[in-house]
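Descriptive structure summary
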Amino acid sequence: MSVLVNKDSKVIVQGFTGNEGTFHAGQMIEYGTNVVGGVTPGKGGSEHLGKPVFNTVADAVEKAGANVSIIFVPPAFAADAIMEAAEAGIKVIVAITEGIPVEDMVKVKSYIADRDCRLIGPNCPGIITSDEAKIGIMPGFVFKKGKVGIVSKSGTLTYEAADQVVKAGYGVSTAIGIGGDPIIGTTTKEALELFINDPETEAVVMIGEIGGNLEAEAARWYKASGSKKPVVGFIAGQTAPKGRTMGHAGAIVGGAEDTAQAKMAIMRENGINVVDSPAEIGSTVAKVLG
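Residues numbered from 1 in each chain as written. Predicted model: local features only at pLDDT ≥ 70, side-chain atom pairs only at ≥ 80, totals over all residues. Heavy atoms only, no water.

1. Looking at the UniProt feature "binding site: CoA" (unreviewed entry) in the chain
- Sequence positions flagged by UniProt for "binding site: CoA" (unreviewed entry) are, in local numbering, Thr17, Gly18, Asn19, Glu20, Lys43, Ile96, Thr97 and Glu98. Look at the named residues: they lie 82 residues apart in sequence, and the longest C-alpha span between them is 24.5 Å, so in the fold they stay spread out.
- Within the secondary structure layout, Thr17 lies in the loop between β1 (11–14) and α1 (19–31).
- Other than its neighbours up to four places away in sequence, Thr17 contacts Thr22, Thr40, Lys43, His48 and Val53.
- Looking at Asn19, the relative accessible area reads 73%, which means it is exposed. (UniProt positions renumbered as here; feature names shortened; annotations may be inferred. Helix = DSSP H or I, 4+ residues; strand = E, 2+ residues; numbered from the N terminus. Contact = heavy atoms within 4.5 Å. Buried < 20%, exposed > 50% of the residue type's maximum accessible area, 1.4 Å probe, protein only.)

2. Here we look at the domain arrangement of the chain
- Per the domain assignment, the segments making up the chain are domain 1 (11–120) and domain 2 (138–289).
- Measuring from the centre of the C-alpha atoms in domain 1 to the corresponding centre in domain 2 gives 26 Å.
- Facing 8 residues of domain 1, the contacting portion of domain 2 comprises 11 residues.
- With both sides pooled, the region where domain 1 packs onto domain 2 buries about 910 Å², and carbon together with sulfur makes up 58% of that total.
- It is Lys109, Arg118 and Ile120 that lose the most area in domain 1 upon contact with domain 2, and together they represent 48% of the buried surface on that side.
- The partner of Arg118 in a salt bridge is Glu190, with the nearest N and O atoms 3.8 Å apart.
- Summed over the shared surface of domain 1 and domain 2, the result is 2 residue pairs in polar contact (both at pLDDT 80 or more).
- When residues of the side of domain 1 that touches domain 2 are traced back to their parent elements, those giving at least two are α4 (102–112) and β7 (118–120).
- Tallying contributions element by element places α4 first for the side of domain 1 that touches domain 2, with 4 residues. (Domains from an automatic or database assignment. Buried area = accessible area lost by both parts, 1.4 Å probe. Salt bridge = Lys/Arg side-chain N within 4 Å of Asp/Glu carboxyl O. Polar contact = N/O pair within 3.5 Å; in protein donor to acceptor, adjacent residues only side chain to side chain.)

3. Focus: the sheet that holds strand β4 (residues 51–54)
- Spatially, the 7 strands line up as an open sheet ordered β3-β4-β2-β1-β5-β6-β7, and their pairing is mixed. Both outer strands of the open sheet, β3 (47–48) and β7, are each paired with one neighbouring strand and no more.
- Relative to strand β5 (residues 68–71), β1 is paired through 4 bridges, and the arrangement is parallel. Of the residues in β5, the one forming a bridge with Val11 is Val68.
- Seen against the sheet, α1 touches β1, β2 (35–39), β3, β4 and β5 and runs at an angle of roughly 165 degrees to β1.
- Each of β1, β5, β6 (92–95) and β7 touches helix α3 (residues 75–88); the most contacted strand, β6, lies at about 170 degrees to it. (Pairing = 2+ DSSP bridges. Axes fitted to C-alpha atoms, helices over the stretch in contact; angles between N-to-C directions.)

4. Overview of the sheet that holds strand β12 (residues 203–209)
- Pairing is mixed across the open sheet formed by 7 strands, whose spatial order is β9-β8-β11-β10-β12-β13-β14. Bordering the open sheet on either side are β9 (133–136) and β14 (273–274), each of which pairs with just one other strand.
- In this structure, strand β8 (residues 126–129) lies alongside β9, joined through 4 bridges in antiparallel fashion. By the bridge assignment, Ile127 is partnered in β9 with Ile135.

Next up, the structure:
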């Protein structure tokens with residue numbers, strides 16, 4: 001089984017005809033994702049990559065039945081693109097764009113709060129259900145069908161974890177790259193909850209990084225849930241100097257709980273199998289599922 005997306009998801013690409021949209025839409029179609037079209041204002045009625053182009057998301061929903069959208073729109077316009085998708089009734093919105101102003105994301109969070117949709121990202125690699133649907137920029141060939149869910153703040157570590165899980169003899173149900181910005185649509189806890197409640201995901205890999213309290217919140221929720229489903233955790237940034245921004249806008253060590261060491265301690269206290277190195281993810285999954 002999977003969470004959020006599968007082979008029946010009807011996907012559109014916002015920013016379809018741009019360079020990024022074109023390249024990644026092509027990759028998604030090649031993977032077998034059910035891409036039903038794309039949106040580029042002013043180009044409605046034309047065709048791109050053999051798929052229809054619509055002027056608005058509302059058109060794509062009405063004419064193609066779209067229910068999932070992936071956004072490749074420049075930072076200045078990306079917040080509007082997210083809100084347009086939510087307004088049109090898209091259920092899962094994946095925002096790949098990096099560099100959306102925090103002020104814009106505050107507006108987006110408020111706008112989508114009472115709408116029936118799920119935002120993943122921004123500044124994320126997207127979401128993939130192995131062998132069914134790739135809504136993102138991850139290398140599809142790494143992912144093979146299985147029963148391990150992955151939730152990650154880091155794009156590259158998502159692929160690394162998937163590769164190790166597959167090489168350890170287990171596959172991946174769904175992998176969610178939640179993004180590394182300070183304000184994101186789906187938190188670590190919310191993604192973990194989806195996997196814990198998915199009857200066919202048997203273990204979860206949870207990858208975090210320094211900054212913020214998302215991992216601590218997820219770990220405490222996991223313990224309180226009473227779930228016996230094993231979770232393997234890793235925190236990136238163990239050697240990061242305190243108080244310095246490290247790559248992602250969200251990766252700033254502020255309070256005492258923001259350091260990698262503190263997060264790892266909280267995760268261990270709450271029953272998560274924490275590894276000290278990403279190289280141990282696959283072998284630890286094999287051990288907990290053994």
